[in-house]
Amino acid sequence: MSVSQVSVSQGTRKPVFVLIGGTGDLALRMLYPSLVMLDQDGFLPHDFRVIGCAREKLTREAFAERVAGALDLRLGSALHAAARERFLARLDYVVFDANDAASGTRLKAATGEPQDIDLVVFMATTPSIYKPICETLNATGLSSAPARVIIEKPLGRSLESSKVINDAVAVAFDESRVFRIDHYLGKETVQNLIALRFANAIFEPLWNNTVIDHVQITVAETIGVGERLSYYDDYGAIRDMLQNHMLQLLCLFAMEPPSSLDPDALRDEKLKVLRSLKAINKTNVQELTARGQYGAGKNNEGETKGYEAEKGSPSNTETFVAMQLEIANWRWHGVPFYLRTGKRLDRRCTEIIVQFKKTPHQIFPSPPPANRLVISLQPDEEISLRLINKTPGLTQDGMHLRGLPLSLSLQEDAHVRRRIAYERLLLDALKGNRTLFVRRDEVEAAWKFVDGIIEGWQATGMKPETYVTGSHGPKSGDDLVKRSGRCWHE
Ligand code: BG6
């Protein structure tokens, strides 16, 4: 699914994009750069307006200057001067405090009357103020249909707290107008997973427990938590990465073929996967999960401090988590799914490994390795299938074999700029297409599963094991996979 050259339909209403948290990190690093590139590529209507909102008292000019700085930093020469100027001219700024009713009046004065506009609001703030923001939008009428709202993780720290956030949003926007972003779903290669599975008939007969031995999903990062420590310490790897990005990858990989790409057709199938996850709780959490926290070490940033030294106090937060999951349905019965993610590891990579079963009967002097499909999402976009073939040359003792990759590099489109994941998602939200956004019941099913694990950790007193920065994680992460006689693909 590539971005098609279709402009956002606006009808007779004037398109307005309101960004609350408009001077924040997400807005400056991701959202304005994504919008300007959509603009440069002709996806935004000529009268599209962007209104940044934040508490800081700024003039329109000072705000535009700040956005210009962020665009230059992020995009450099990829952004053409004409598009840059055109986009900056679209900007407006409103001083907005979620707890001050006058903010709503000011915002409405800038957007125009609800019945005249096609409004999309992006709440790029902490979810703790979604409630007052929604109340303000509701009170001014700005949340009335067809207005849409885009919200970002963290959508809670647990099932209960996610319900509070979703309820607050639901007061102003019905579910069909709520766009929950998981930026992994905006990545080209993640969408390619849908294409790989459902546009190639050859895979479907192989995509099950008769042929697949196990699946590994790894999201490894070399960076630490950096500036985000105060947020991260409250969340840890399981809430920050696994509850959302990794479970979404799992769903796209494991779901049944949807009947169409309609939002609910696809999301119904993802939901079934989440609901089929076999519970992990205090009875099995020690066997099926591993937690780690980075210690000091050396990586591409040089010598680095450990997590607790960065924090300046002891912490029970994991920066690495691994687990063995089981999807309790017919297709995946008996196939373990190993998921792991961590910071300050030895490499940056996001990949899905499909390990096929060995041949049932051996006729060669040494048994051939099993086939393996490697779907690399980051940093290289590549799909590679290990096929076994004869080692060339003469031998006295029968035929010798070797595994060779049949590789499809998606980098050949390298002249095409790699888009920021938010570009696809913002364009879809502007068009009202929810296929790549997460539905409330999906978020809740994912939390329900993750809550069980966290409760299990608490009940069993399972602490994170320290691992050396620049390594591939704690020993318990390896042991998890070794228990079933397997190993991680490194
Ligand atoms: C974010 C997490 O959602 O995803 C970060 O909060 C993480 O901790 C980031 O670093 C990873 O995203 P990407 O696109 O760099 O793989």
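Above: the structure in question.
So, how was this worked out
- Residues numbered from 1 in each chain as written.
- Predicted model: local features only at pLDDT ≥ 70, side-chain atom pairs only at ≥ 80, totals over all residues.
- Heavy atoms only, no water.
- Helix = DSSP H or I, 4+ residues; strand = E, 2+ residues; numbered from the N terminus.
- Rg over C-alpha atoms; globule rule 2.2 N^0.38 Å.
- Buried < 20%, exposed > 50% of the residue type's maximum accessible area, 1.4 Å probe, protein only.
- Contact = heavy atoms within 4.5 Å.
- Areas by Shrake-Rupley, 256 points an atom, 1.4 Å probe, with all protein chains shown as cover.
- Lys, Arg positive; Asp, Glu negative; His and termini not counted.
- Charge placed at Lys NZ, Arg CZ, Asp CG, Glu CD.
- Arc of directions from axis to C-beta.
- Polar contact = N/O pair within 3.5 Å; in protein donor to acceptor, adjacent residues only side chain to side chain.
- 1 Å grid on protein atoms, 1.4 Å probe; cavity = no way out; pocket = protein on both sides within 12 Å on 5 of 7 lines; lining within 4 Å.
- Points joined across faces, edges and corners; volume = space filled by probe spheres on them.
- Nonpolar A, V, L, I, M, F, W, Y, C, P; charged D, E, K, R; others polar.
- Phe/Tyr/Trp six-rings, centres within 6.5 Å; stacked < 30°, edge-to-face > 60°.
- Lys NZ or Arg CZ within 6 Å of the ring centre and 35° of its normal.
- Pairing = 2+ DSSP bridges.
- Axes fitted to C-alpha atoms, helices over the stretch in contact; angles between N-to-C directions.

Draft legend 1. Looking closely at the overall build of the chain. When helices and strands are counted, the chain shows 15 helices and 16 strands. For 490 residues, the compact-globule estimate of 2.2 N^0.38 gives 23 Å, and the C-alpha radius of gyration of the chain, at 24 Å, lies within 12% of that figure. With the principal axes as the frame, the chain shows a C-alpha extent of 85 × 50 × 45 Å. When the 490 residues of the chain are sorted by exposure, 55% land in the buried category. Sequence-distant contacts in the chain: of pairs separated by 6 or more residues, those separated by 24 or more amount to 78%. By element, 54% of the accessible surface of the chain is carried by carbon and sulfur atoms, the whole surface being about 21,200 Å². Measuring between centres, the 61 positive side-chain charges of the chain sit 2 Å from its 61 negative side-chain charges.

Draft legend 2. Representation of helix α4 (residues 101-111) in the model. Within the sequence span of α4, burial applies to Ser103, Gly104, Leu107, Ala110 and Thr111. Taken down its axis, α4 places every buried residue within 125° of arc, on the same side. In this structure, α4 carries Ala101, Thr105 and Ala109 as exposed residues pointing more than 90 degrees from its buried face. For α4, the elements touching its buried residues are β1 (14-20), β2 (49-54), β3 (91-95), β4 (117-123) and α5 (130-140). Put simply, Asp100 is the residue that caps the front of α4, since its side-chain oxygen is 3.0 Å from the backbone nitrogen of Ala102. Positive phi shows up at Gly112, right after α4, with a value of about 100°.

Draft legend 3. Just the environment of Val121, in detail. Tracing the chain through its elements places Val121 in strand β4. C-alpha of Val121 to C-alpha of Phe173: the two residues are 52 residues apart in sequence and 11 Å apart in space. Setting aside chain neighbours within four positions, we find Val121 in contact with Val18, Ile20, Leu137, Arg148, Val149 and Ile150.

Draft legend 4. Structural detail: empty space enclosed by the protein. Throughout the structure, instances matching the rule amount to five cavities of 30 Å³ or more. In this structure, the largest cavity spans a volume of roughly 160 Å³. Taken together, 15 residues form the lining of the largest cavity, with Asp182, Gln243, Asn244, Val438 and Val443 sitting closest to its centre. Tallied by class, the residues present in the lining of the largest cavity amount to eight nonpolar, three polar and four charged.

Draft legend 5. Inspection of the packing of aromatic side chains at higher detail. Scanning all chains against the criterion turns up 14 aromatic pairs. With a centroid separation of 5.9 Å and 75° between ring planes, the pair formed by Tyr32 and Phe63 is classed as edge-to-face. With Tyr32 in helix α1 (residues 25-40) and Phe63 in helix α2 (residues 60-75), the pair connects residues that are 31 residues apart, well separated along the chain. Like Phe63, Tyr32 is buried. Measuring from centroid to centroid gives 5.7 Å for Tyr294 and Tyr307, while their planes differ by 90°, and the two rings are edge-to-face. Here the residue Tyr294 occupies a position in strand β8 (residues 289-299), and Tyr307 occupies one in helix α12 (residues 307-311), the gap between them amounting to 13 residues. Under the relative-accessibility criterion, Tyr294 is labelled buried at 1%. Three or more aromatic residues joined by ring pairs make a cluster, and in this case those are Phe203, Trp207, Phe253, Trp332 and Phe337. Its guanidinium or amino end placed over the ring of Tyr235, Arg157 lies 5.9 Å from that ring's centre, counting from NZ or CZ.

Draft legend 6. Highlighting the side chain of Asn166. By the secondary structure assignment, Asn166 is in helix α6 (residues 159-172). A residue is classified by how much of its surface remains accessible, and Asn166, at 2% relative accessible area, is buried. Only 3.0 Å separates the side chain of Asn166 from the side chain of Arg180, close enough to count as a polar contact. Beyond its immediate stretch of four places on either side in the chain, Asn166 contacts Ile151, Arg180, Arg440 and Glu444.

Draft legend 7. The arrangement of the sheet that holds strand β6 (residues 178-180) in detail. An order of β3-β2-β1-β4-β5-β6 is seen for the six strands of this open sheet, with the pairing classed as parallel. Looking along the sheet, the strands with just one partner apiece sit at the ends: β3 and β6. Ignoring which end each strand starts from, the neighbouring axes of this sheet average 20° apart. Across five bridges, β2 lies against β3 in parallel orientation. Across the sheet, Val50 pairs through a bridge with Leu91, a residue of β3. The strands touched by helix α3 (residues 81-90) are β2 and β3; relative to β3, the strand with the most contacts, the crossing angle is about 35°. Against the sheet, α4 makes contact with β1, β2, β3 and β4, and its axis sits at roughly 165° relative to β2, the strand it touches most.

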